[in-house]
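Structure at a glance
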Amino acid sequence: MGARAAMGSPVMTEADFVRSLVDEAPEIRDLIDVHLRDQSGELLLHLLVADVRRVAVDAFQRGDGDLLRRLLDLLDRALREGDELVENAVAVSFVEDTGWWEPAMRPFIDAWPAALRAEALRQQSSDPPRP
């Protein structure tokens, strides 16, 4: 459970996360619509967060610092304030699936806010080295 959730403060639910995603990164709206259409109206949070990861990597590679910062700030907040489902989706489908063990991903990870970087370090310290 996120640090805020553990302290009994209000938590970010899946619905809060999606609403914040649309509010803070309206560029993602079409992605969410496609996701919902492809999933017959069902939101599969891990798949959505994986799609957001791909958008963030693309924004980083294109030098779109504004979109990247908005996405990373939201994901960082979701990791800290999210309920168990949101926190897990960010930790797995964003942080772990970024491939923190790949040297080519280091510049992208270096751009992350503190909570995302801390999660990558936590995973690195608990996982065996990757080939």
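Anything mentioned here points back to the structure above.
Bear in mind the structure is a predicted one, so any value in this text is a computation, not a measurement.

Thoughts on the packing of aromatic side chains
Across all of its chains, the model carries five aromatic pairs by this definition. Taking the centre distance of 6.2 Å and the plane angle of 55 degrees together, the rings of phenylalanine 94 and phenylalanine 108 count as tilted. Of this pair, phenylalanine 94 sits in helix H6 (residues 84–98) while phenylalanine 108 sits in helix H7 (residues 106–110), and the two are 14 residues apart along the sequence. In terms of burial, phenylalanine 94 and phenylalanine 108 fall into one category: buried.

What about the packing of helix H5 (residues 65–81) against helix H8 (residues 114–126)?
One can describe the packing of H5 onto H8 by two numbers: an axis separation of 7 Å at closest approach and a directional angle of 65 degrees. Mapping the contact onto sequence places Leu72, Leu75, Asp76, Leu79 and Arg80 in H5 and Ala114, Ala115, Leu116 and Glu119 in H8. Residue composition of the contact of H5 with H8, by class: six nonpolar, no polar and three charged.

A closer look at unusual backbone geometry
Phi angles above zero are rare outside glycine, and serine 40 is one such case at about 55 degrees. In this fold, serine 40 is placed in the loop between helix H3 (29–38) and helix H4 (45–62). A relative accessible area of 71% means that serine 40 is categorised as exposed.

Focus on the side chain of aspartate 76
Note on placement: aspartate 76 falls in helix H5. What makes aspartate 76 buried here is its relative accessible area of 7%. A polar contact of 3.1 Å, which involves the side chain of aspartate 76, links it to the side chain of arginine 80. A polar side-chain atom of aspartate 76 sits 2.9 Å from the main-chain amide nitrogen of leucine 116. Once residues within four sequence positions are removed from consideration, aspartate 76 is found in contact with Pro113, Ala114, Ala115 and Leu116.

Side note on H8
Under the 1.5 Å per step criterion, the end-to-end length of H8 is 18 Å for 13 residues, consistent within 8% with the ideal 18 Å. Buried residues of H8: Ala115, Leu116, Glu119, Ala120 and Gln123, and no others. One side of H8 carries all its buried residues, which in axial view fall inside an arc of 145 degrees. Of the residues in H8, the exposed ones pointing more than 90 degrees away from the buried face are Ala114, Leu121 and Ser125. Turning to H8, the residues buried within the fold contact H5 and H6.

Some remarks on the nonpolar core
Core analysis: the biggest nonpolar cluster contains 37 residues, and Phe17, Leu21, Phe94, Trp112 and Leu116 have the highest contact counts within it. Among the secondary structure elements, those contributing two or more residues to this core are helix H2 (14–24), H4, H5, H6, H7 and H8. For this core, the element with the highest residue contribution is H5, accounting for eight residues. Leucine 116 has contacts with Leu72, Leu75, Asp76, Leu79, Val90, Phe94 and Val95, leaving out every residue within four places of it along the chain.

What counts, and at which threshold
Residues numbered from 1 in each chain as written. Predicted model: local features only at pLDDT ≥ 70, side-chain atom pairs only at ≥ 80, totals over all residues. Heavy atoms only, no water. Phe/Tyr/Trp six-rings, centres within 6.5 Å; stacked < 30°, edge-to-face > 60°. Helix = DSSP H or I, 4+ residues; strand = E, 2+ residues; numbered from the N terminus. Buried < 20%, exposed > 50% of the residue type's maximum accessible area, 1.4 Å probe, protein only. Axes fitted to C-alpha atoms, helices over the stretch in contact; angles between N-to-C directions. Contact = heavy atoms within 4.5 Å. Nonpolar A, V, L, I, M, F, W, Y, C, P; charged D, E, K, R; others polar. Polar contact = N/O pair within 3.5 Å; in protein donor to acceptor, adjacent residues only side chain to side chain. Expected span 1.5 Å × (residues − 1). Arc of directions from axis to C-beta. Core = buried A, V, L, I, M, F, W, Y, C linked by side-chain atoms within 4.5 Å.

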